[in-house]
Protein chains: 2
Amino acid sequence: MNIDHPEALKPRKTPRQARSEVTVDAIFKATVQVLLTDGEHRLTTTRVAERAGVSVGTMYQYFPHKRALLYAVIQQHLTEFVSGFDAACRQLRNASMAVMAEGMVNAFIDIKIRNPDLSRALYKIAAELDTDELRISTASQLQDACTAMLASATDAQFDDLPDVSFTLLTAMNGTTRAVFELGMQERRLNVLRSQLLTLCRGYLQAVARERGAP
Amino acid sequence: MNIDHPEALKPRKTPRQARSEVTVDAIFKATVQVLLTDGEHRLTTTRVAERAGVSVGTMYQYFPHKRALLYAVIQQHLTEFVSGFDAACRQLRNASMAVMAEGMVNAFIDIKIRNPDLSRALYKIAAELDTDELRISTASQLQDACTAMLASATDAQFDDLPDVSFTLLTAMNGTTRAVFELGMQERRLNVLRSQLLTLCRGYLQAVARERGAP
DNA sequence: ACCTGAACACCGTTCAAGT
DNA sequence: ACCTGAACACCGTTCAAGT
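Residues numbered from 1 in each chain as written. Chains lettered and ligands numbered in written order. Predicted model: local features only at pLDDT ≥ 70, side-chain atom pairs only at ≥ 80, totals over all residues. Heavy atoms only, no water.

Visitor: So what's going on with the protein's contact with DNA strand D? Residues and values would help.
Guide: Surveying the vicinity of DNA strand D reveals 14 residues, the closest of which are Thr58(A), Gln61(A), Thr45(B), Tyr60(B) and Lys66(B). Taken together, the sugar and phosphate atoms account for 77% of what DNA strand D places within 4 Å of the protein. Separating a phosphate oxygen of DNA strand D from a side-chain N or O atom of Tyr60(B) is a distance of 2.5 Å. Of all elements in the fold, only α3 (56–62) of chain A together with α3 (56–62) of chain B reach the threshold of two or more residues within the surface near DNA strand D. Take the surface near DNA strand D: its biggest share by element is 4 residues, from α3(A). (Near = heavy atom within 4 Å. Polar contact = N/O pair within 3.5 Å; in protein donor to acceptor, adjacent residues only side chain to side chain. Helix = DSSP H or I, 4+ residues; strand = E, 2+ residues; numbered from the N terminus.)

Structure follows, in structure tokens:
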């Protein structure tokens, strides 16, 4: 677990000794556990410290406030999402537009689905935090991955690629999130997959210039 | 201001006398004011009561807990959104698919833009509340409005209309919300409008059967 | 009958005292 | 040097006492 927070969320003390690293990790894991076991409302600093086997005071040496705990969890979750999506995009390079759309939609949904309970909990928590910086950085990494992929499409060229990527990603996010929050049932997920595929293909078709066209 | 909360969010006492209604309204308005003036973090029950000119005790006679205050504000905001969007959809009935897409996208963005500060504040707050019921009801009203409009398209027919509406709405919501949270600059809004228009048209094109086709 | 606000329970955060 | 946990400040909520 590496900690890399913006400004106000930086830990007081960077763990330099092995023992400290173990402690930070225990606190981090305790946070996730309490979140999943007891729920967001019951996630108190005392409870996390207790579960981690340290005193509140010690916890405050490594995480300057409660928000820093949550921030760390959200950050890891987003990092995993980004690397999963990026990997998928790389595999889809030099494919056709239609194949890219399908691969991207499926990857997006599959990764979102991976840890539903944690995701749902984090959605609730993220709103209370100042996650602007984190979201912007996440968004731009996803955008880069998508842009690089689309640029390599064998059967089309695109103008304003970053805008196209942005639109695709935020649209996928909106639809997926909605299904997610309604509760993912088999039928809903199937509908999501097929409609999202049509949406992305239709959009790409509409913004594409054929390879070699003016 | 009418109060109509689900189960746990119901006020203790329905105001029957004119005086009480005035009080409830004062509390409601005070909540919005404190929210916009002091921010979500400083929205405390004491502060709202103070601004409304009543004691905390009195406030608790009408709103059983803090969440009920916020719920009321969110509810009104969503109701306004729904009625604005519904009005736009009605005006677009019996138009062509392309005209509908344009009208719908512009209406969606225009209404979202209307009260940016309040919207941003409410996004943050909504996550802490149990707004599932409210969101489901809002979503289904928007879906109905959109479905009824699309059903009247002069140049196309659609299968699975509710699914199509759902996809359009949640995609628009995702993209608009992202722009919204990045901060709405003139350029971003223009990009949003044009990309969203292309997205919706491309999607509708892809799912449409021509009028009269099998 | 209705309102008030001191009192209570609880939580995030600190810091004097301990090792 | 590092850890502990009682103490503090603050907030949501209640209810005895007042009118």
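Visitor: Tell me about the protein's contact with DNA strand C, residues and numbers included.
Guide: Around DNA strand C, a shell composed of 15 residues is seen, among which Thr45(A), Tyr60(A), Lys66(A), Thr58(B) and Gln61(B) lie nearest. Of all atoms in DNA strand C that approach within 4 Å of the protein, 77% are sugar or phosphate atoms. In the environment of DNA strand C, a phosphate oxygen lies 2.5 Å from a nitrogen or oxygen atom belonging to the side chain of Tyr60(A). At 2.8 Å from a phosphate oxygen of DNA strand C is found a side-chain nitrogen or oxygen belonging to Lys66(A). Counting residues per element, the ones that place at least two in the surface near DNA strand C are α3 of chain A together with α3 of chain B. Examining the composition of the surface near DNA strand C, we find that 4 residues originate from one element, α3(B), more than from any other. A breakdown of the residues in the surface near DNA strand C according to their chemical character gives 4 nonpolar, 8 polar and 3 charged. (Nonpolar A, V, L, I, M, F, W, Y, C, P; charged D, E, K, R; others polar.)

Visitor: Explain the domain arrangement of chain A to me, using residue names and the numbers behind them.
Guide: Where interface size is given, it is often the accessible area lost as the parts come together that is meant. All names here are of chain A. When the domains of chain A are assigned, the result is domain 1 (6–67) and domain 2 (74–210). Centre-to-centre, using C-alpha coordinates, domain 1 lies 31 Å away from domain 2. Counting from both sides, the interface comprises 8 residues of domain 1 and, opposite them, 10 residues of domain 2. Of the roughly 710 Å² buried where domain 1 meets domain 2, counting both sides, 79% is carbon and sulfur surface. Area buried by domain 1 at its contact with domain 2 is led by Leu35, Leu36 and Glu40, which between them contribute 51% of it. Run the count over domain 1 and domain 2 and you get 0 salt bridges. If one sorts the elements of the side of domain 1 that touches domain 2 by residue count, helix α1 (residues 18–38) sits on top with 4 residues. In terms of residue class, the side of domain 1 that touches domain 2 is built from 6 nonpolar, no polar and 2 charged. (Domains from an automatic or database assignment. Contact = heavy atoms within 4.5 Å. Buried area = accessible area lost by both parts, 1.4 Å probe. Salt bridge = Lys/Arg side-chain N within 4 Å of Asp/Glu carboxyl O.)

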